Amino acid sequence: IQHKTRYIPRSLRRGLPMTIAIGFRCKDGVLLCADTQMTVPATLKYLDNKIARIVGTPSLHFIAYSGREDFAKMCIQRLGKRIYDTEKAGKDLVQAVTIECTAIHSEYYRAYDDLDNKLQLTLLLATNIEGKMKLFGIRGPIVWPIRYFECIGCGTYFAHAIASDLYRPEMTLLEARVM
């Protein structure tokens, strides 16, 4: 069998930066995945991790992000502090994260008039609540539980099309990693 690949002109191959981060709920946990290419528009590209672990907390918490790296990392620091304080006080984690996301959105979303430069929080949060890993989506001030999987970033439609064909709710973490 001969496989033919369609020729794509070099000018089209470079394309725009495309972040893809995906969170999967599996029967034995939660899997976060993200590409590793960072792009500073018209300047440079480099490799870095788009998944952060909130350290210093008794439970496991991971956040995948898309969008502006500097803004996302600042938001992750703020959420990490809020998560730490909330766990220490024994309060409702989802409510605390929602309050912090609302505060961040109120502070930064209106900072730019141009829609292309709006600073909007776009994250996936994998967190341990009462001994079980849960998955949440965060877009601006909205925090919602994810039942199966969610994709974020410029490549959302591409990733969703592939994941929706391959994902099964009963899959294990290992099966999801292979996917």
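Counting restarts for each chain: residues are numbered from 1 in the order of the written sequence. Thresholds applied to this predicted model are a pLDDT of at least 70 for local features of residues and 80 or more for the giving and counting of side-chain atom pairs; totals over whole chains, interfaces and linings are not thresholded and use all residues. Only heavy atoms go into the side-chain values, all of them from the structure, while hydrogens and water stay out.

1. Focus on the packing of aromatic side chains
Quick note on the threshold: To pair, rings of Phe, Tyr and Trp, with the six-membered ring standing in for Trp, must have centres within 6.5 Å; the planes then decide the type, stacked if under 30 degrees apart, edge-to-face if over 60, and tilted in the middle. Strands here are runs of E lasting at least two residues and helices are runs of H or I lasting at least four, both read from the DSSP assignment and numbered beginning at the N terminus.
Scanning all chains against the criterion turns up five aromatic pairs. Judged by centre distance (6.0 Å) and plane angle (40 degrees), the ring pair of Phe24 and Phe149 falls under tilted. Within this pair, whereas Phe24 is found in strand 1 (residues 21–26), its partner Phe149 is found in strand 10 (residues 149–152), the two being separated by 125 residues in sequence.

2. Quick word on the pattern of salt bridges
When charged atoms on two side chains of opposite charge get close, those side chains can pair. For clarity, the cut-off: For this document, the term salt bridge refers to a Lys or Arg side-chain nitrogen within 4 Å of an Asp or Glu carboxyl oxygen. With a 1.4 Å probe rolled over the protein chains alone, any residue whose accessible area is under 20% of its type maximum counts as buried; one over 50% counts as exposed, and the rest are partly exposed.
Applying the stated rule across the entire model yields nine salt bridges. With a closest N to O distance of 2.9 Å, Lys81 and Asp85 form a salt bridge. Placement of the pair is Lys81 and Asp85 together in helix 2 (residues 69–89), with a separation of four residues, close to one helical turn. You can call Lys81 exposed: its relative accessible area is 54%. Of the residues examined, Asp85 reaches a relative accessible area of 33% and is grouped as partly exposed. Within this structure, Arg78, Arg82, Glu100 and Glu107 form a network of salt bridges that share partners.

3. Here's the deal with the confidence of the model for the chain
Spelled out, the test is: pLDDT gives the predictor's per-residue confidence on a scale running from 0 to 100. Contacts are residue-level and defined by heavy atoms, with any inter-residue pair within 4.5 Å sufficient.
Here the chain averages 85 in pLDDT, while 87% of its residues score no lower than 70. Between the elements of the chain, mean pLDDT differs from a low of 45, seen in helix 1 (residues 10–14), to a high of 96, seen in strand 9 (residues 142–145). Taken together, the stretch residues 1–15 has pLDDT below 50 and engages in three contacts with residues farther than four places along the chain or on a different chain.

4. Digging into the pairing of strand 8 (residues 132–139)
Heads up, the condition is: Between any two strands, at least two bridges found by DSSP are needed for them to pair.
Alignment of strand 7 (residues 122–129) against strand 8, held across eight bridges, turns out to be antiparallel. Bridge pairing in strand 8 links Ala126 to Leu135. Hairpin connection between strand 7 and strand 8: a loop of two residues separates the two successive antiparallel strands, and Glu130 in this loop has a positive phi of roughly 55 degrees. Note: strand 8 against strand 9, four bridges, orientation antiparallel.

5. Notes on the sheet that holds strand 1
This is how the line gets drawn: Axis lines are fitted through C-alpha atoms, for helices just across the contact stretch, and the angle between N-to-C directions can take any value from 0 to 180 degrees.
Taken in spatial order, the three strands of this open sheet run 2-1-10, and their pairing is antiparallel. Looking at which strands have only one partner, the edges of the open sheet turn out to be strand 2 (29–34) and strand 10. Averaged over all adjacent pairs, the angle separating strand axes in this sheet is 10 degrees, with direction ignored. Contacting strand 1 and strand 10, helix 4 (residues 156–166) runs over the sheet at an angle of about 155 degrees to strand 10.

6. As for the sheet that holds strand 9
Spatially, 5-6-7-8-9 is the arrangement adopted by the five strands of the open sheet, whose pairing is antiparallel. The sheet is open, and its two edges are formed by strand 5 (51–53) and strand 9, each paired on a single side. Neighbour-to-neighbour, the strand axes of the sheet open up by a mean angle of 25 degrees, direction not taken into account. Taken together, the five bridges between strand 6 (residues 61–65) and strand 7 define a ladder with antiparallel strand orientation. If you follow Tyr65 over to strand 7, its bridge partner there is Leu123.

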